[in-house]
Amino acid sequence: MRLFAAVDPGEQVRAALTPWLDARAGMDGVRWTPPANLHATLRFLGEQPADAVPALAEALRRAVADVAAGEVRCGAPDAFPDRRRPRVLILPLTSDGLLEDLAARVVTALDPWRPRAIDAAFRAHLTLGRVRRSAPADLAARLATLPDPAPPPFRAAAVALVQSMLGPEGARYAVLERFPLADAESRM
C-alpha cells in the first residue's frame, strides 16, 4: 500500500480552487491536481505492507493527540524548486507553526516506517500541479502571470492516514483513518 499522512484543506478551499484550476486545464505542460486530491502532505511513507496500517495508525494517533487544531492560510501560487525552473506548482501554507509542528511529530512517530531518500525539508503547501518534461520553454513566464486564487483560510482539525492508488488517470486517494487534533470539535 502506498501511504502518506496529510491534513485536508476542506471543501471551502476546494470550492474556491476548482474554478481557478478548471480555467487552467488546457495549459500545455502542466498536469493539474484534481480538487478532490488537494491535501497538505506531512509525511510520505511510500509502499508499506497492509499489516503495518494498525501500528502506523496508532503511532499517528499518539503523535497528534495533544496538538491543538488551528487556522491555516494559503499564500500566492509558487513553485518547487523555484519559479525559474518549476517542477511542482504549489500554494504555500502558513499556520503559525502548526503544520510544521505536526510534520515534525509525524516524522518522528513514523520513523520506523521511513522510506529511504525522503528527507527533504518540510514546506507546508498544497500541490496545484506538476510540470511535465515536455513543458514549453515559456512555461515559467506564463506561470509568473498566474492570478492569486485567494482561497479562504481553513481549520486544520485532523491528520489523516491516506492510501494513494496510482492509475492511468492519475492518483486516487482513500482516507484510511482520521486522527482529530485536540479541541478540534469544540472550535468547529
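Residues numbered from 1 in each chain as written. Predicted model: local features only at pLDDT ≥ 70, side-chain atom pairs only at ≥ 80, totals over all residues. Heavy atoms only, no water.

J.: Explain empty space enclosed by the protein to me, please; I cannot follow it from the model alone.
T.: Using a probe with the size of a water molecule, rolled over the atoms, empty space left in the structure can be pinpointed. Under the definition given, this model contains one cavity of 30 Å³ or more. Roughly 80 Å³ of volume is contained in the largest cavity. Residue lining of the largest cavity: P77, D78, A79, R83, P86, L89, A140, L143, A144 and L146, and that is the complete set. Put simply, the parts of the chain that give the lining of the largest cavity at least two residues each are β5 (78-80) and α4 (139-144). Ranked by residues supplied to the lining of the largest cavity, first place goes to α4 with three residues. (1 Å grid on protein atoms, 1.4 Å probe; cavity = no way out; pocket = protein on both sides within 12 Å on 5 of 7 lines; lining within 4 Å. Points joined across faces, edges and corners; volume = space filled by probe spheres on them. Helix = DSSP H or I, 4+ residues; strand = E, 2+ residues; numbered from the N terminus.)

J.: Would you explain helix α3 (residues 98-109) in this entry?
T.: In an α-helix there are 3.6 residues to a turn, and that puts residues three or four apart on one side. In a regular helix each residue adds 1.5 Å, so twelve residues correspond to 16 Å; α3 covers 16 Å between its end C-alpha atoms and thus fits that length. Taken residue by residue, α3 has L98, L99, L102, A103 and V106 as its buried positions. The arc that holds the buried residues of α3, viewed along the axis, is 130°, so those residues lie on one side. (Expected span 1.5 Å × (residues − 1). Buried < 20%, exposed > 50% of the residue type's maximum accessible area, 1.4 Å probe, protein only. Arc of directions from axis to C-beta.)

J.: Can you help me understand the packing of aromatic side chains in this one?
T.: Aromatic rings in a pair are described by how distant their centres are and how their planes are angled relative to each other. Inspection of the entire model under this criterion finds two aromatic pairs. The interplanar angle of 80° and the centroid separation of 5.2 Å between the aromatic rings of F4 and Y173 together place this pair among those described as edge-to-face. Linking F4 in strand β1 (residues 2-7) with Y173 in strand β10 (residues 170-180), this pair joins segments that are 169 residues apart in sequence. Look at W20 and W32: their rings are 5.9 Å apart centre to centre, the planes differ by 90°, and that puts the pair in the edge-to-face class. Of the two residues, W20 sits in helix α1 (residues 11-23) while W32 sits in strand β2 (residues 30-32), which places them twelve residues apart along the sequence. Here R24 stacks its cationic end above the ring of W20, 4.4 Å away from the centre of that ring. (Phe/Tyr/Trp six-rings, centres within 6.5 Å; stacked < 30°, edge-to-face > 60°. Lys NZ or Arg CZ within 6 Å of the ring centre and 35° of its normal.)

J.: Sorry, what's going on with the layout of surface pockets here?
T.: Size it by volume and the largest pocket reaches roughly 1,100 Å³. In this structure, the second largest pocket encloses a volume near 190 Å³. In terms of lining residues, the second largest pocket is bounded by 16 residues, among which D8, R14, A36, V162 and V175 are the most central. Looking at the lining of the second largest pocket, the elements that each hand over two or more residues are β1, β9 (158-167) and β10. By residue number, the principal contributor to the lining of the second largest pocket is β10, which donates four residues.

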